[in-house]
Protein chains: 2
Amino acid sequence: MRADARDNRERVLRAARAAFAEHGAQASLNKIAQSAGVGAGTLYRHFPTLGALLVAIIGDDVAALCEKGRDLLGHESPAEALRTWLRAVAVHATAMRGLVAARLAVPPAPHADAALAACQERIRATGAALLERAQRDGAVPGDIGIADLLTLVNAIAWVSEQAPDDEYLLDRLLALVRGMEPSAHEEGT
Amino acid sequence: MRADARDNRERVLRAARAAFAEHGAQASLNKIAQSAGVGAGTLYRHFPTLGALLVAIIGDDVAALCEKGRDLLGHESPAEALRTWLRAVAVHATAMRGLVAARLAVPPAPHADAALAACQERIRATGAALLERAQRDGAVPGDIGIADLLTLVNAIAWVSEQAPDDEYLLDRLLALVRGMEPSAHEEGT
DNA sequence: CCTCAAGCGGAGAGCCTCTCCGGTTAGGGT
DNA sequence: ACCCTAACCGGAGAGGCTCTCCGCTTGAGG
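Here the structure is a predicted model, which means the values were calculated and not measured.

Facing 23 residues of chain B, the contacting portion of chain A comprises 23 residues. Taken together, both faces of the contact between chain B and chain A bury some 2,200 Å²; the carbon and sulfur share is 75%. For the chain B face of the interface with chain A, the top three residues by lost area are Trp 158, Leu 176 and Arg 178 of chain B, together amounting to 31%. Connecting chain B to chain A are four salt bridges. Our enumeration of links across chain B and chain A arrives at six residue pairs in polar contact (both at pLDDT 80 or more). Listed by contribution, the elements that provide at least two residues to the side of chain B that touches chain A are α6 (99-104), α8 (146-162) and α9 (169-174) of chain B. For the side of chain B that touches chain A, the element with the highest residue contribution is α8 of chain B, accounting for nine residues. Classifying every residue of the side of chain B that touches chain A by side-chain character gives 17 nonpolar, two polar and four charged.

And the structure:
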């Protein structure tokens, strides 16, 4: 890749990050290109689909989430580890203002780019490990599947995003999920 | 209201119902007007905002849902009554293809029309009665609030809508909500 | 039958996404 | 050091969207 191309790519990415943080899914790609100081054509050449742009933006976050998940596998309380991680997933999804939710929420992801699907899979695998541990521990019912659980968490993140005023909505809704009750018995203090 | 105006209003409503059923929230108001055989101006005169059009379309459904709720208050199992009703709410929200979810999901509803808010309130009141009964029965934990519960159901409806292929997703996700476990103990067969 | 307010509809402004292609330029080969 | 070309750029423009405005049409009361 030519140096100028790499440069433009970076600029677009920075502008996109800012635009998504400010306007959420409603951000205009037009304006992203403009505020990055490139033409629309350049934006679309680097990121042919919205999904491609997304993956480039959230790639690092996904990696961080997976690492956090691995760390949490060593946490003393399997149930609390799962809860903590799912909350992190939700917060991350919310930070992306529904954009991620809309694309990552549902496993089959109709028009998903391969890269987007890969992100999903990494999240899923990390979650599966945490969930399985919590289930072996008996703290979470065995009939719960990781895919549905993540879908539900994404839905919660999305809806919380619709009510930015209510900062505790996310936690209240997460607490409504089976196995996610906050102050569970296993603490026994 | 003049007879021709009433006529046009009806035609728009029919076209809108069809369009939302087919294309969901992505339906173009332009095309609705066109397929109703009226100009865009006519559509916007009758329904100044998307919310107004929505209320006109779902008004009947909301009434039906409330009536169903009242009937279910007489059901032998309070928990099952609540489950049944929430599922009906979710199915209705799904049928409207996310449109309702996007507007009705969150109680404060930022730009909500008064009429839309009234719909929400009627649903909320009906749900509150069913929930309270189930909680008195001890079948549903007492720390659950109806507003959050409905928000969560709307979120589930929305996300299910994103995966139209998976027809059981809605039920699986509902089953992940505390107090909504399907084959609960109270059946005792 | 006449009048005129109520109602109509489509042109158009101002957004958006996404494509296309002629002009520009980086940087490897000589 | 210079040239050549493939890679890259950007913006004009097509086509679609929402929503407004206003001159024309028409239902229906007097």
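This part covers the environment of Ile 144 of chain B. In this fold, Ile 144 of chain B is placed in the loop between α7 (114-136) and α8. Residues Ile 144 of chain B and Gly 179 of chain B, 35 residues apart in the sequence, show an inter-C-alpha distance of 8.9 Å.

Another aspect to go through is the protein's contact with DNA strand C. Neighbouring DNA strand C are 24 residues, the closest being Ala 3 and Asn 30 of chain A together with Arg 2, Asn 8 and Arg 45 of chain B. The sugar-phosphate backbone supplies 63% of the atoms of DNA strand C found within 4 Å of the protein. Arg 2 of chain B is positioned such that a nitrogen or oxygen atom in its side chain is 2.7 Å from a base nitrogen of DNA strand C. For DNA strand C, a phosphate oxygen lies 2.7 Å from a polar atom in the side chain of Arg 45 of chain B. When contributions to the surface near DNA strand C are tallied by element, the ones reaching two or more residues are α1 (3-23), α2 (29-36) and α3 (40-46) of chain A together with α1 (3-23) and α3 (40-46) of chain B. Sort the elements by how many residues they give to the surface near DNA strand C and α3 of chain B lands first, with five residues.

At an RMSD of 0.1 Å, chain B and chain A line up after a rotation of 180 degrees and a shift of 0.1 Å along the axis. The transformation just described matches what one would write down for a two-fold rotation axis. Looking at chain B, 100% of its interface residues are interface residues in chain A too, so the copies touch through the same face.

All names here are of chain B. For the pair helix α4 (residues 50-72) and α7, the least separation of the axes is 9 Å and the interaxial angle reads 15 degrees. Relative to α7, the element α4 lies roughly parallel. For the pair α4 and α7, the crossing hand works out as left-handed. For the pair α4 and α7, contact is made by Gly 51, Val 55, Gly 59, Val 62, Ala 63, Leu 65, Cys 66, Gly 69 and Leu 72 and by Ala 115, Leu 116, Cys 119, Arg 122, Ile 123, Thr 126, Leu 130 and Arg 133, respectively. Considered class by class, the residues forming the contact of α4 with α7 number eleven nonpolar, four polar and two charged.

Moving on, we get to α1 of chain A. All names here are of chain A. Relative to the 30 Å expected for 21 residues at 1.5 Å per residue, α1 spans 30 Å between its end C-alpha atoms, a close match to the ideal helical length. Along α1, the residues classified as buried are Val 12, Leu 13, Ala 15, Ala 16, Ala 19 and Phe 20. Count one or two residues on from α1 and you reach Gly 24, which has phi positive near 65 degrees.

Attention now goes to the protein's contact with DNA strand D. Taken together, 24 residues form the shell around DNA strand D, and within it Arg 2, Asn 8, Thr 42 and Arg 45 of chain A together with Asn 30 of chain B come nearest. Put simply, 61% of the atoms of DNA strand D that lie within 4 Å of the protein are in sugar or phosphate. The separation between a phosphate oxygen of DNA strand D and a polar main-chain atom of Asn 30 of chain B is 3.1 Å. For the surface near DNA strand D, the secondary-structure elements that each account for two or more residues are α1 and α3 of chain A together with α1, α2 (29-36) and α3 of chain B. Looking at which element gives the most residues to the surface near DNA strand D, the answer is α3 of chain A, with five residues. Among the residues making up the surface near DNA strand D, the classes are represented as nine nonpolar, nine polar and six charged.

Procedures and definitions
All residue numbers refer to positions counted from 1 along the written sequence of the respective chain. Naming scheme: in the order in which they are written, chains are lettered from A and ligands are numbered from 1. Totals for whole chains, interfaces and linings use all residues, but because this is a predicted model, local features are given only for residues with pLDDT of at least 70 and pairs of side-chain atoms are given and counted only at 80 or more. To obtain the side-chain values, all non-hydrogen atoms of the structure were used and water was disregarded. Note on contacts: a residue pair qualifies if any of its non-hydrogen atoms lie within 4.5 Å across the two residues. Put simply, buried area is the surface a 1.4 Å probe can reach on two separate parts but cannot reach once they are joined, added for both. We define a salt bridge as a contact between a side-chain nitrogen of Lys or Arg and a carboxyl oxygen of Asp or Glu at a distance within 4 Å. Definition of a polar contact: a pair of N or O atoms within 3.5 Å, with one able to donate and the other able to accept a hydrogen when the atoms are protein atoms, and with sequence-neighbouring residues admitted only if both atoms are side-chain atoms. Elements are defined by DSSP. Helices are runs of H or I of four residues or more, strands are runs of E of two residues or more, and each kind is numbered from the N terminus. Each residue is assigned to one class: nonpolar for Ala, Val, Leu, Ile, Met, Phe, Trp, Tyr, Cys and Pro, charged for Asp, Glu, Lys and Arg, and polar for all the others, Gly among them. If even one non-hydrogen atom of a residue comes within 4 Å of a molecule or strand, that residue is called near it. Copies overlap after least-squares fitting; the atoms used are the C-alpha atoms of residues with pLDDT of at least 70 in both. Lines fitted to the C-alpha atoms define the axes, with helices restricted to the stretch that makes contact. Angles between their N-to-C directions range from 0 to 180 degrees. Comment on the angle field: the value is read as roughly parallel under 35 degrees, roughly antiparallel over 145, roughly perpendicular from 65 to 115, and oblique elsewhere. By the definition used in this description, the sense in which the near helix is turned from the far one sets the handedness, with an anticlockwise turn below a right angle giving left-handed and a clockwise turn giving right-handed. In this analysis, the expected span of each helix is defined as 1.5 Å times one less than the number of residues it contains. Burial here depends on accessible area, computed with a 1.4 Å probe over protein chains only, as a share of the maximum for the residue type. Under 20% is buried, over 50% is exposed, and the range in between is partly exposed.

It is worth stressing that arrangement in space is one thing and function is another; only the former is reported here.
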